[in-house]
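Residue-level listing of the chains:
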Amino acid sequence: MIKYLIIIIFISFSAYGFDPLADFQFAPEQPKEKESRFGGYLEYSARYTPKSGKLIQNRGKVFLEADYEKERLFFYASAYAYYDSAPEDWQGDTEILRLYEAYARYNTERLDITAGNMMLRWGTGDGINPMDILNPRDHLNPVAGARTDSRLPATMVQTVYAGDFFTAEAVFIPFAEVNELPEQGSPWENRSLNELRRNVPVESENKPDGTEGAARIYTTYNGWDAALLYYGGYADEPLLKYRNGSILPVYERIKAYGFNFAKGLSNGTLRGELAHKEGSFYGSGYTIGVIGFDRNFDNDGYLNIQLFTDSEGKEGRGFTYEASDKYFNGDLKSGFRGTHYGDDSGGFEVFSEYYYADGFTLKSGIMLIYGKPSTVWGQYSDNDYVYTEFKFSF
């Protein structure tokens, strides 16, 4: 039923006809001159938990990226290496060398084709985003200030066709990407998994060998952006099943249908999303709706409020929020943000970001996690942390 409701909503946006998509950027008809760029950053970041008196992150990182563009072709690649001494406490990975994004794009006036390892964000929300499920979550950094920091690229092929009145997009993921289980003994290992590992062997990896696919069609009319979305693949989180004397993470196939919109107003932006997901992972089905509003004040102040509710109950209902302002000619940004769920659990962060000269950034703040131990967020309440980050970009 929900699928037909989503389709009806989208058709209602189409009933009045549309103007060409003036807001969308397409590749120019004239060939471009050769252009290339190389850059990156050096970063040190630390997270200290007062309750345990330990660092849960003590990381030095080098990130490099390069791109090359000639005529209708565009190439991009990035990689990073870091050393983090904190995981020594739970025998986790302390050294990581990883190819991050690496893809090639061919642009035409109407059709763009991109293939490789990349990040692809779908949705309009700034907090809860039900259809942002193409990229897996990084189990080493599940609580991140920015959404892109908490997800990992996936290998995919993206095709975008720009029509006169709409844009259609199709994505093919040849190797299914899902969330890995947290490392045993890490601060982000959930309580139920920790108890299982104490009593029964738990396999850490069992990635599905199937493919995934997604599609969306979106358009703009009179300041309204609207999109229909579809995803067919695997649930990011596994079901833990007992097989042959051990626990095996099993990733079930799901289907997801979504609708989202955004409307620019004189003093901000109104955003909304509706998603319905089906499959054995969700039992009889799962539906979630999100509505939010964000506003900029004189290019310095920022306010964002988002309400969400789902068909499950209190754990899936709540709100997100963020408020910030800039000082010293925009060099210093300070504010707070958080998420609160209906079961009285969530997270609250106070942050500041200072930008000095060209390329130097200092970030600091505190993250508070609250709730009863039986709640999704409350089980991590011992992980309240103070953090700092130094970054030099070049």
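Residues numbered from 1 in each chain as written. Predicted model: local features only at pLDDT ≥ 70, side-chain atom pairs only at ≥ 80, totals over all residues. Heavy atoms only, no water.

**Concerning the overall build of the protein chain**
Counting its regular elements, the protein chain contains two helices and 20 strands. Burial statistics for the protein chain: of 394 residues in total, 47% are counted as buried. For the protein chain, contacts bridging at least 24 residues in sequence account for 53% of all contacts bridging at least 6. Roughly 20700 Å² of accessible area belongs to the protein chain as shown, and the carbon and sulfur atoms make up 54% of that amount. (Helix = DSSP H or I, 4+ residues; strand = E, 2+ residues; numbered from the N terminus. Buried < 20%, exposed > 50% of the residue type's maximum accessible area, 1.4 Å probe, protein only. Contact = heavy atoms within 4.5 Å. Areas by Shrake-Rupley, 256 points an atom, 1.4 Å probe, with all protein chains shown as cover.)

**Focus on the packing of aromatic side chains**
Applying the stated rule across the entire model yields 24 aromatic pairs. With a centroid separation of 6.4 Å and 35° between ring planes, the pair formed by Tyr 68 and Phe 75 is classed as tilted. Residue classification places Tyr 68 among the partly exposed positions, given a relative accessible area of 28%. Residue class for Phe 75 comes out partly exposed when judged on its relative accessible area of 37%. A network of ring pairs unites the aromatic residues Tyr 41, Phe 63, Tyr 80, Tyr 82 and Tyr 100 as a single cluster. (Phe/Tyr/Trp six-rings, centres within 6.5 Å; stacked < 30°, edge-to-face > 60°.)

**Focus: the pairing of strand β20 (residues 385-393)**
As defined by bridge partners, strand β1 (residues 35-49) adjoins β20 across eight bridges and the pair is classed as antiparallel. Pairing of Ser 45 across the sheet is with Glu 389, part of β20. By the bridge criterion, eight bridges tie strand β19 (residues 360-370) to β20 in an arrangement that is antiparallel. The residue bridging Thr 361 from the neighbouring strand is Lys 391, located in β20. (Pairing = 2+ DSSP bridges.)

**Concerning helix α2 (residues 191-199)**
Those residues of α2 that sit buried are Leu 193, Asn 194 and Arg 197. End-on, the buried residues of α2 take up no more than an arc of 100°, which puts them together on one face. Of the exposed residues in α2, the ones pointing more than 90 degrees away from its buried face are Arg 198 and Asn 199. On its buried face, α2 is in contact with β10 (239-243). (Arc of directions from axis to C-beta.)

**Side note on the confidence of the model for the protein chain**
For the protein chain, the average pLDDT comes to 87, and 88% of its residues sit at 70 or higher. Within the protein chain, the lowest mean pLDDT, 40, falls on helix α1 (residues 2-14), and the highest, 98, falls on strand β7 (residues 167-173). The model gives residues 1-27 a pLDDT under 50, and that stretch makes 49 contacts with residues more than four places away or in other chains. (pLDDT = per-residue confidence, 0-100.)

**Some details on the environment of Pro 130**
Among the structural elements, Pro 130 can be located in the loop between β5 (111-118) and β6 (154-162). In sequence terms Pro 130 and Gly 289 are 159 residues apart; their C-alpha atoms lie 8.2 Å from each other. For Pro 130, the residues in contact, after removing those within four places along its chain, are Glu 273, Ala 275, Lys 277, Ile 288 and Val 290.

**Structural notes on unusual backbone geometry**
Here the phi dihedral of Glu 71 falls at roughly 55°; this positive angle occurs in a residue that is not glycine. Inspection of the secondary structure puts Glu 71 in the loop between β2 (54-70) and β3 (73-84). For Phe 328, which is not glycine, the phi torsion reads 55° and is therefore positive. Topologically, Phe 328 is positioned in the loop between β16 (318-327) and β17 (332-341).

**Things to note about the side chain of Glu 353**
Within the element layout of this structure, Glu 353 appears in strand β18 (residues 346-356). One polar contact links Glu 353 to Tyr 355, side chain to side chain, over a distance of 2.8 Å. Excluding anything up to four places from it in sequence, Glu 353 contacts Asp 331, Leu 332, Lys 333, Arg 337, Leu 362 and Lys 363. (Polar contact = N/O pair within 3.5 Å; in protein donor to acceptor, adjacent residues only side chain to side chain.)

**Brief notes about the pairing of strand β14 (residues 286-297)**
For strand β13 (residues 268-278) and β14, the ladder comprises nine bridges, and the chain directions are antiparallel. The residue of β14 that forms the bridge with Leu 270 is Phe 293. Looking at chain direction, β14 and strand β15 (residues 301-310) are connected through ten bridges and run antiparallel. Note on β15: the bridge partner recorded for Phe 293 is Ile 305. Linking two consecutive strands that pair antiparallel, namely β14 and β15, is a turn of three residues; a positive phi of about 55° is found at Asp 298 within it.

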